[in-house]
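Here's the letter readout for the chains.
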Amino acid sequence: MLTYIKKHELYKELDNFKDGQFFAVIDQKVKNHLPQWISFSAHVFWLKNPEEEKNLEYYARAVQFFVDQGISRTSTIYAIGGSATTDFAGFVSATLLRGISWVAIPTTLLAMIDGSIGGKVAVNLPQGKNLLGAFHSPNKIFICTEFLTTLPQTEWLSGKGEVLKYGFLSKQIHELILEKAPMEEIILACGTFKKEVVERDFYEKGERIFLNLGHTLGHAFELNLKIPHGQAVAMGLKYIFKMMGDNKSLTLWSEMVKNLDLVPETFDLKEFKDFDVEKFLIYLENDKKKVQASIRLVLVHEVGDCYVKEVPLKEFKEKILEDADFQD
Ligand SMILES: NC(=O)c1ccc[n+]([C@@H]2O[C@H](COP(=O)([O-])OP(=O)(O)OC[C@H]3O[C@@H](n4cnc5c(N)ncnc54)[C@H](O)[C@@H]3O)[C@@H](O)[C@H]2O)c1
């Protein structure tokens, strides 16, 4: 259940647990947004740097912490933070006592439109991101956009990068972007769109794969350039269209970048001095969407109409090496 909520209503919802058992994983950076009693609650597992702590070591610490605090199979874990926090708390909830319920309260733009919705939860392993995970949906998701007042610029950029993806998946979202609709409206449309796709195809056997648009190159950019997820997705979109000669989508990409008040150069590979094409190709080879010697790409016929194409890895690598932006 996806609920858009004002902060005072959220406070009321949380205050129900004031005198009871409130189990939570919370990003410390959003502490000031929350009722004061939460700061003193004994059952909160705080995260300082969620992406660095979304790993096996902190997973072990968290499950032991909750067991020591007397968590039971009827308890609920509240996850309050960006998608790194909701991924982590969701994975703890999926596995602790063979699975307990959880509630997501996303606090970044990316988490509100994408990361907290859909039940994919995970921790990172030294070998790669999100390699240990599960499908475990939160019972409720509360979207409160007032959290975004403290979001740093880099995280806005990341969230908007993911909004761009939705601008290709849905005609409605595309139009909202072109008419420069308020961000609240765009957030509502993106969240609802993802929720509906996931309800129809929870285990990614069909249309859910289209949500991976921009992610094949995007993940490789994210790891190689150490940039935020959504910024990498926006680059992934640009370069997959360029590589496949899809000029129509490239034009739409530029229009949407402008209307979201993004700077096109932010997504230009030439701006990154440390780019290492050899490493980039290795990341691509290790991609989860690789099928034997082919790579599975999500492409766009037109806005709202995507398709999957399997391209031989060798051919795809050659295309990358031919692109001037990828030359050292
Ligand atoms: N499960 C999914 O479907 C899914 C989808 C996309 C991405 N992801 C995962 O999401 C993660 C990236 O998500 P993210 O961008 O939300 O990152 P994040 O959770 O790491 O948050 C980004 C930064 O913003 C801070 N922050 C969070 N809320 C804030 C607020 N309101 N004010 C100020 N600072 C705040 C965090 O402390 C962090 O420093 C990655 O781990 C990625 O793998 C998961």
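Fair warning: this is a prediction, and the values are worked out from it, not measured in the lab. (Residues numbered from 1 in each chain as written. Predicted model: local features only at pLDDT ≥ 70, side-chain atom pairs only at ≥ 80, totals over all residues. Heavy atoms only, no water.)

Draft legend 1. Examining the packing of aromatic side chains more closely. Evaluation of the coordinates by the stated rule reveals 23 aromatic pairs. Consider the rings of F23 and F66, whose centres lie 6.1 Å apart with planes at 75°: the pair is edge-to-face. In this pair, F23 is assigned in strand β2 (residues 23-27) and F66 in helix α4 (residues 56-68), connecting sequence segments 43 residues apart. Since its relative accessible area comes to 0%, F66 is described here as buried. Judged by centre distance (5.3 Å) and plane angle (70°), the ring pair of F65 and F66 falls under edge-to-face. (Phe/Tyr/Trp six-rings, centres within 6.5 Å; stacked < 30°, edge-to-face > 60°. Helix = DSSP H or I, 4+ residues; strand = E, 2+ residues; numbered from the N terminus. Buried < 20%, exposed > 50% of the residue type's maximum accessible area, 1.4 Å probe, protein only.)

Draft legend 2. Up close: the pattern of salt bridges. Taken as a whole, this structure holds 17 salt bridges when the rule is applied. Its salt-bridge partner being R61, residue E57 comes within 2.6 Å of it at the nearest N-O pair. With E57 and R61 both in helix α4, this residue pair falls 4 residues apart, about one helical turn. K180 is paired through a salt bridge with D261; the nearest N and O atoms lie 2.9 Å apart. Pair noted here: K180 is in the loop between α8 (171-178) and α9 (183-200) and D261 is in the loop between α12 (247-259) and α13 (277-285), with a separation of 81 residues, a long-range link. The exposure class assigned to D261 is exposed, which follows from its relative accessible area of 56%. Here the residues in one salt-bridge network are D114, E162, K165 and K194, joined through shared partners. (Salt bridge = Lys/Arg side-chain N within 4 Å of Asp/Glu carboxyl O.)

Read these as layout, nothing more, since geometry by itself doesn't imply function.
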